[in-house]
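If you want the building blocks of each chain, they are given just below.
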Amino acid sequence: EDMNYIHKGVIVVGLSFVGLIFLVALICLLWTFLNQDLPAVKASQPLFLVQIVVGCIISTSSVIFGSMDDRKHSAKWLDISCNIELWLYCIGFSVTYTGLLMKIWKVKKCLLTAVKKLKAVKIPPKQIIGMCLGGVFVELLIVGIWTFADGFFWKRECTGYDIYGSCEKSRGFCYADHPWAIIAPIFILHIVAMGYALVLCYQCRNVPKVFAESQWISTAMVSNFQICIMGFFLIYMLHGNPTSFYLIKTFIVILSDGSVLALIFFPKIYDTYFAKEEDEGLLKTMTKLEQKINSHQKLYLKEREEKYRSKMETSTSVLSRVGSIPLTSSRKLSPQSANSFKNPVIYSSAASNPTMNNGKLRVAV
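Scoring rules and cut-offs
- Residues numbered from 1 in each chain as written.
- Predicted model: local features only at pLDDT ≥ 70, side-chain atom pairs only at ≥ 80, totals over all residues.
- Heavy atoms only, no water.
- Core = buried A, V, L, I, M, F, W, Y, C linked by side-chain atoms within 4.5 Å.
- Buried < 20%, exposed > 50% of the residue type's maximum accessible area, 1.4 Å probe, protein only.
- Helix = DSSP H or I, 4+ residues; strand = E, 2+ residues; numbered from the N terminus.
- Contact = heavy atoms within 4.5 Å.
- Salt bridge = Lys/Arg side-chain N within 4 Å of Asp/Glu carboxyl O.
- Axes fitted to C-alpha atoms, helices over the stretch in contact; angles between N-to-C directions.
- Parallel < 35°, antiparallel > 145°, perpendicular 65-115°, else oblique.

**Things to note about the nonpolar core**
Burial of nonpolar side chains together is a common tendency in soluble globular proteins. Membership of the largest hydrophobic core comes to 58 residues, with the highest contact counts inside it found for L100, V260, I264 and F265. Among the secondary structure elements, those contributing two or more residues to this core are α1 (8-34), α3 (46-66), α4 (75-117), α5 (125-149), α6 (180-203), α8 (214-238) and α9 (242-274). Per element, the largest residue contribution to this core is 14 residues, and it comes from α4. Setting aside residues no more than four positions away along its own chain, V260 makes contact with I52, C56, T96, Y97, L100, A220 and N224.

Below is the structure:
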């Protein structure tokens, strides 16, 4: 019987690419820790860089479980590995792209809003972490509900019979009763997330790249958007061939994670070791931007203080005039009325002068 297993050479190629991505990710992670005091790394927010690396490692790990079949593993273990593959890919994608999304969103709020409103804007780290966890939670919620309601399991079906009715060709694959119930919402969610990130990148297109990196993030989003669209149709057309199906899945994951790591980290590494003069320019840019925001904030506070002083002077002048008015009435005042003269309310029906009516100041008790 032809079991139609995934070719061993193809598995070796796929796992080799996984090892390459792991190596690149670890180098990027180590470089981030060793150079976290550099201006380029500070401007890029080291927490988000670490989040991107971790997300790529998790996502790429899904290829390992996609390489397994019933040649060496039991059907029970393959049921588990089919679902682990889906979970790892979705978790890795959500961790990586919420990091990119929050990074560019924070730049928009802190820089563009600060310049627009003429005051500094600070976003608490707890808010950013909460939003990232919220994005990951939505992805896990969708996958979790589907896994417990349906889920994948390993299935081997016969694809060819001999003249005696015996199976001579078969294929093994991860099967689900309602696969589109998970494919459709996850696909739509990923496309919407990347589309929103592209909108933010366009809004931050004029921000210096050392702060926003919108050029590299938008390039990564566009490339991954194309990979998702083309990969979706290729998987649909080639899902009947185990070797081709495995290759398409592997290259979708490898290209997505590899492009993100390359576009986010390689420009920084290059600038650090081959364009060191840009560090001084970065420091000057950061200093100028901080001074500009601080000057706008000081100007805004000074204007508010001047308005407040002007109002206080006007109120003091009016009250001093009220205090000079003699009381001609001989009627004995009650304690409440006496107290009210200490805090008089000035009113007038004359539109031209709010404190005078026919040349006389009126006081309401």
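**Some remarks on the pattern of salt bridges**
Taken as a whole, this structure holds four salt bridges when the rule is applied. Between R71 and D69 there is a salt bridge, with the nearest N and O atoms lying 3.0 Å from each other. Owing to a relative accessible area of 7%, D69 belongs among the buried residues under this scheme. E157 is paired through a salt bridge with R171; the nearest N and O atoms lie 3.1 Å apart. Of the two residues, E157 is situated in strand β1 (residues 153-161) and R171 in strand β2 (residues 167-175); the sequence distance between them amounts to 14 residues. E157 sits in the partly exposed class, given a relative accessible area of 25%.

**A few points about the packing of α5 against α6**
At their nearest, the axes of α5 and α6 sit 10 Å apart, and the two run at 170° to each other. Viewed along their axes, α5 and α6 adopt a mutual orientation that is roughly antiparallel. Each of V138, E139, I142, V143 and W146 in α5 lies in contact with α6, whose residues at this interface are A181, I182, P185, I186, L189 and H190.

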